[in-house]
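Observations on the three-dimensional arrangement
Read off the chains here:
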Amino acid sequence: MNGIIYPIIVLGGLGLLFGVVLSLASKVFSVEVDPKVEEIRKSLPGANCGACGFPGCDGLAAAIAAGKAPVNGCNVGGKPVAEKVADIMGVNAVDTVRYVAAVLCQGDCSKAKEKYVYNGIKDCRAQNILAGGSKSCSYGCLGCGTCKDACEFNAISIVGGIAIIDKEKCVSCKACIDACPKGIIELVPYEQEVIVKCKSNDSGKMVRSKCSTGCIGCQMCVKNCPQDAFIFENNLAKINYEKCINCGICAEKCPTKAIWSSLGKDKAANQ
Amino acid sequence: MSLFTILISTIFVNNFVLSRFLGICPFLGVSNKTETATGMGIAVTFVVTLSSIITYIIQKSVLDKLGLEYLQTIVFILVIAALVQFVEMVMKKTSPTLYSALGVYLPLITTNCIVLGVAILNIQEGYNLIQTIFNAFGASVGFSLALVLMAGIREKFELIDIPEALEGFPIALITAGLMSIAFLGFNGLV
């Protein structure tokens, strides 16, 4: 019986002794941490994604408390978090525009032609090395899901050969933007209802031969925009999101439907 | 064996890193800057010496008396873990710069084989308390010496042109191997 009781007493006793010593030490050697840091840390999402540029949420919380980072430093948490943090810091939250990532390509299997059949590793970066990928359009989404793998928030899905980002789930951590070898993922404002979902700088004829939903550079959108919100360069129209009022006229006028819109009837037509 | 022999033996001849290959993780991990290497060395020296004394006392007065030698490993680990926690608290209070410089490596001392290795070797070699203290101190000074030397060499790497394939860890490992061979030269000194 002693064979089991002694070990229990010795180990338990030692554990208890060390526990008491450590708890006393933690009192004696306690370091005063700014209580704000802890409060801010609690209101941050805690994903440690690093999108703020600091090493994890702890780093950002310390920087905010020290006044080295703005209260809206966390892109992921967006406005609700910025407000909470501003409350703790005793300042007013500056209105921030929430940005979400969007894949600027609509050329799925039914719309864009293939150059060759790709049977390699299912990774966009690998496919991109092989003559810029199998898609005939060198600006298009390769659909291998490298961005999907990079996304920690399950916001990206591959539908019909191209990546689609769920803007409700997107936290604008930019992981997909860094992962995409084609550079076709960009941040757009959450409120934005019309987006030119094409990045092709090819001429209109070239685009037409490769993809049925690319920007052919006809400038119909530029001419019809009431806000003069379009920037047209290198055969590609781009919306200035600050000027755009989401009227949706451009999306209606666009002959190839390269301008994506979530407004009213266009939504049904696009889906 | 005289105390001086023990000291020289553990620092140079039987250097724990370079000839016994214990504590390789921090040896490669914290040897980027001489400053952090020195800090790590001091932390390890403190923890190893203190834990050796405490483990020796526990071994002789508790484990040996009750015939519980088989609990040696778990008890020693318990002591080391508690001690590292303690050192961490003290360091956080007294030297925040060193604390943040050591970062994750300080808690890693807990699972560092050199700490447990020295504690167990002290018992195996049949040292008395004074010899134990010298052995532990020498071992950790030897560790610090290897770490600081390595850090000094790795700092020089920044300035020289290393072939791309060897950059980073490969060249560090080659350096460690060469240092180990160099320390073999001390063989036969004691």
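Note: the structure precedes this text.
The notes below deal with the structure included here. (Residues numbered from 1 in each chain as written. Chains lettered and ligands numbered in written order. Predicted model: local features only at pLDDT ≥ 70, side-chain atom pairs only at ≥ 80, totals over all residues. Heavy atoms only, no water.)

Quick word on the overall build of chain B
For chain B, the count of helices and strands is 9 helices and 0 strands. Counting only residues that meet the buried cut, chain B has 46% of its 190 residues in that class. Expressed as a percentage of contacts within chain B between residues at least 6 apart in sequence, the contacts between residues at least 24 apart total 78%. Put simply, chain B shows about 9,100 Å² of open surface, and 69% of that area lies on carbon and sulfur atoms. (Helix = DSSP H or I, 4+ residues; strand = E, 2+ residues; numbered from the N terminus. Buried < 20%, exposed > 50% of the residue type's maximum accessible area, 1.4 Å probe, protein only. Contact = heavy atoms within 4.5 Å. Areas by Shrake-Rupley, 256 points an atom, 1.4 Å probe, with all protein chains shown as cover.)

Quick notes on the overall build of chain A
The helix and strand tally for chain A stands at 11 helices and 8 strands. The burial tally for chain A puts 41% of its 271 residues in the buried class. At a minimum sequence separation of 6, the contacts of chain A that also span at least 24 residues come to 55%.

A short note on helix α8 (residues 129-157) of chain B
Here α8 of chain B spans 42 Å end to end across 29 residues, near enough to the 42 Å set by a 1.5 Å rise per residue. Two or three places before I130 of chain B, at the opening of α8 of chain B, N128 of chain B has a side-chain oxygen 3.2 Å from that residue's backbone nitrogen. (Expected span 1.5 Å × (residues − 1). Polar contact = N/O pair within 3.5 Å; in protein donor to acceptor, adjacent residues only side chain to side chain.)

Focus: the interface of chain A and chain B
Listed by partner, the interface residues are 15 residues for chain A and 18 residues for chain B. For the pair chain A and chain B, the number of links is 0 residue pairs in polar contact (both at pLDDT 80 or more). Here the residues of the side of chain A that touches chain B are counted per class, giving 11 nonpolar, 4 polar and no charged. (Nonpolar A, V, L, I, M, F, W, Y, C, P; charged D, E, K, R; others polar.)

A short note on the environment of S51 of chain B
Residues and elements named next belong to chain B. Along the polypeptide, S51 turns up in helix α3 (residues 34-66). Here the alpha-carbon distance between S51 and F76, two residues 25 residues apart in the chain, equals 8.2 Å. Among all residues touching S51, those that are not within four sequence positions of it are I80, L83 and V115. At a separation of 3.1 Å, a polar atom in the side chain of S51 contacts the main-chain carbonyl oxygen of V48.

A look at helix α4 (residues 78-89) of chain A
Residues and elements named next belong to chain A. Its 12 residues give α4 an end-to-end C-alpha distance of 16 Å, which sits within 8% of 16 Å, the value for a rise of 1.5 Å per residue. Three or more residues of α4 are buried, namely G78, V81, A82, V85 and A86. End-on, the buried residues of α4 take up no more than an arc of 135 degrees, which puts them together on one face. Opposite the packed face of α4, turned more than 90 degrees from it, sit the exposed residues P80 and D87. Elements that come into contact with the buried residues of α4 comprise α2 (35-43) and α3 (56-65). Taken from the residues just after α4, G90 is the one with a positive phi, measuring 75 degrees. (Arc of directions from axis to C-beta.)

Thoughts on the pattern of salt bridges
Applying the stated criterion to the full structure yields 6 salt bridges over all chains. Notably, a salt bridge pairs D58 of chain A with R41 of chain A, separated by 2.7 Å at the nearest N-O pair. A residue pair is termed long-range when its members are at least 10 positions apart, and D58 of chain A in helix α3 and R41 of chain A in helix α2 qualify at 17 residues. A relative accessible area of 23% places R41 of chain A in the partly exposed class. A salt bridge links K60 of chain B to D64 of chain B, with the shortest nitrogen-to-oxygen separation between them at 3.8 Å. Remark: D64 of chain B and K60 of chain B occur in helix α3; sequence separation between them is 4 residues, near one turn of the helix. Residue classification places K60 of chain B among the partly exposed residues on the basis of a relative accessible area of 34%. One salt-bridge network, held together by shared partners, links E186, K199 and K238 of chain A. (Salt bridge = Lys/Arg side-chain N within 4 Å of Asp/Glu carboxyl O.)

Concerning the side chain of Q127 of chain A
All names here are of chain A. Residue placement: Q127 occurs in helix α5 (residues 124-129). Its relative accessible area of 2% is what places Q127 among the buried residues. Discounting chain neighbours no more than four positions away, the residues touching Q127 are Y116, Y118, G132, G133, S134, K135, L142 and C144.

Quick notes on unusual backbone geometry
Unusually for a residue other than glycine, N154 of chain A sits at a positive phi of about 55 degrees. Within the secondary structure, N154 of chain A is located in the loop between α6 (146-150) and β2 (156-159).

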